[in-house]
Amino acid sequence: MRRELGMFVALVLLCLGLWAANHDFLGVSNVINTTRQVSMLGVFAIGISFVIITGGIDLSIGSVIGLTGVLIAKLSGQYYPDNPASGGLGYSLWLGIPVALAVAALVGLAQGLLITRLNLQPFIVTLGGMLLLRGVSQTVVRGGTLSLGDVPLARLANGGLFGSEGSPLLPYPLLILLVVAALGAYLLHFTVFGRYVYAIGGNRDAAEYSGIPVRRVETLTYVISAFSGGVAGVCYAAYIGQMSQQVGIAYELYAIAAAVLGGVSLRGGEGTVVGSIIGACIMRVIDNGINMFQWTYRDSAGTRRIFRLDNNWTFIIIGTVILAAVVLDQVAHIVQSKRRIRRAGALAANPSATHA
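Quantities reported herein were computed from a predicted structural model and do not represent experimental measurements.

A.B. asks: Explain the overall build of the protein chain to me, using residue names and the numbers behind them.
C.D. replies: Regarding its fold elements, the protein chain presents 13 helices and 6 strands. Overall, the C-alpha framework of the protein chain stretches about 85 × 65 × 35 Å when taken along its three principal axes. Counting every position in the protein chain, which comprises 356 residues, the buried fraction comes to 46%. Across the protein chain, contacts joining residues at least 24 apart in sequence account for 71% of those joining residues at least 6 apart.

Next up, the structure:
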């Protein structure tokens, strides 16, 4: 938990710095909106962590999010008799949401089977899935957008518990994140399945020789990842209100970065649910901080001026954070490897120390 604790301290310092630059950062409306964004990212960051811990990768989760929202909008969006192609089919959300989630789970199952049964590379399979699913979404929306209309799904994004100043202190996306986090933590840290996940990521061959059903466990991690993307897709559909093929683009990079920042190793075998949530918080706070940061100064003439970050820097800053996360992960492994070598050398030089 050392890395998770370190990243949590970094998160606190980041928030304090942004608050010092702009007190509105901790305003009720900004905190609640950022909480929604963190919650939606955290849901699928937890899911993708299962895959990464086994040593795999899932590049299709962003497209799964978009496809889930598109299917909900198509099945349960407002129906226009005069122009059926431009709207939804008008079915109940009780049909649209389960169907969309089932499709998401089937996508994960299909990708998992291709990877484990045909021994294909996860990168190639999920990259192909990313493009294929995005194409399906584009076909469904016909290159435009599908509006959800007046369906009650919008309450999922805007509603919550314990309202304050017209906004809920506990938005529903946060409650969904807490449920997903509880289930994810239980599966990963308190079940045999979770121990199998870590064992596969630590040494796949050793796990297979020890009798662990490696293929089955790996397949299930892709189902979990895709299903978490489906849950996040429901939240994004409610939050945005209309869906297009653009929704979900590059979300997989945010999820991977959040997981790695939270201590999930790209080499596999390491990571926690709490760490993934901390990583999601850091990613969204940085995203929000680019808009909120301001620095007041006086120029040579004594005129008071305000410096703000250019929104065009968003991807520069986020890309730098992703690279820093990967470098941090590599450095941590190098340090750990050197410690293990030193300990092994010390034990070899003094065997009696093992009995002390």
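A.B. asks: Would you mind going over helix H4 (residues 93-117) in detail, with residue names and values included?
C.D. replies: For H4, built from 25 residues, the straight-helix expectation of 36 Å at 1.5 Å per residue is met to within 8% by its first-to-last C-alpha distance of 35 Å. Every buried residue belonging to H4 is among Leu93, Gly96, Ala100, Leu101, Ala104, Val107, Gly108, Gln111, Gly112, Ile115 and Thr116, and all of these are buried. Its buried side turned inward, H4 meets helix H3 (61-76), helix H5 (122-141) and helix H10 (214-240). One or two residues past the end of H4 sits asparagine 119, with phi positive at roughly 55 degrees.

A.B. asks: Please give an account of the side chain of serine 244 that cites residues and values.
C.D. replies: Checked against the element boundaries, serine 244 lands in the loop between strand S4 (242-243) and helix H11 (251-261). With a relative accessible area of 13%, serine 244 lands in the buried category. Serine 244 has contacts with Val70, Val141, Gly144 and Thr145, leaving out every residue within four places of it along the chain.

A.B. asks: Please set out the packing of aromatic side chains residue by residue, giving values where relevant.
C.D. replies: We describe a pair of aromatic rings using the distance from one ring centre to the other and the angle between the two ring planes. In this structure the tally under the stated criterion is 4 aromatic pairs. Between the aromatic rings of phenylalanine 44 and tyrosine 251, the centroid separation amounts to 6.3 Å while the plane-to-plane angle is 15 degrees, which identifies the pairing as stacked. Of the two residues, phenylalanine 44 sits in helix H2 (residues 28-53) while tyrosine 251 sits in helix H11, which places them 207 residues apart along the sequence. Tyrosine 251 gets classed as buried once you look at its relative accessible area, which sits at 18%. With a centroid separation of 5.1 Å and 45 degrees between ring planes, the pair formed by tyrosine 236 and tyrosine 251 is classed as tilted. Placement of tyrosine 236 in helix H10 and of tyrosine 251 in helix H11 is noted, with a sequence separation of 15 residues between them. Each member of the pair tyrosine 236 and tyrosine 251 is classed as buried. Site record: aromatic cluster; members linked through ring pairs are Phe44, Tyr236 and Tyr251.

A.B. asks: I'd love a proper account of the nonpolar core, names of residues and values included.
C.D. replies: Among the nonpolar cores identified, the biggest contains 82 residues, and Phe44, Leu153 and Met283 are the most heavily contacted of them. Looking at this core element by element, the count peaks at 11 residues for H2. What methionine 283 contacts, discounting residues up to four positions off in sequence, is Leu41, Tyr254, Ala257, Ala258, Leu261, Ile318 and Val321.

A.B. asks: Summarise the layout of surface pockets; cite the residues concerned and give the values.
C.D. replies: Estimates place the volume of the second largest pocket at around 260 Å³. In terms of lining residues, the second largest pocket is bounded by 13 residues, among which Gln37, Tyr254, Arg284, Asp287 and Asn288 are the most central. Within the residue set of the lining of the second largest pocket, elements represented by two or more residues are H2, H11 and helix H12 (273-292). If one sorts the elements of the lining of the second largest pocket by residue count, H12 sits on top with 4 residues.

Reading the values: the criteria
Residues numbered from 1 in each chain as written. Predicted model: local features only at pLDDT ≥ 70, side-chain atom pairs only at ≥ 80, totals over all residues. Heavy atoms only, no water. Helix = DSSP H or I, 4+ residues; strand = E, 2+ residues; numbered from the N terminus. Buried < 20%, exposed > 50% of the residue type's maximum accessible area, 1.4 Å probe, protein only. Contact = heavy atoms within 4.5 Å. Expected span 1.5 Å × (residues − 1). Phe/Tyr/Trp six-rings, centres within 6.5 Å; stacked < 30°, edge-to-face > 60°. Core = buried A, V, L, I, M, F, W, Y, C linked by side-chain atoms within 4.5 Å. 1 Å grid on protein atoms, 1.4 Å probe; cavity = no way out; pocket = protein on both sides within 12 Å on 5 of 7 lines; lining within 4 Å. Points joined across faces, edges and corners; volume = space filled by probe spheres on them.

Just geometry here; none of it tells us what the structure is for.
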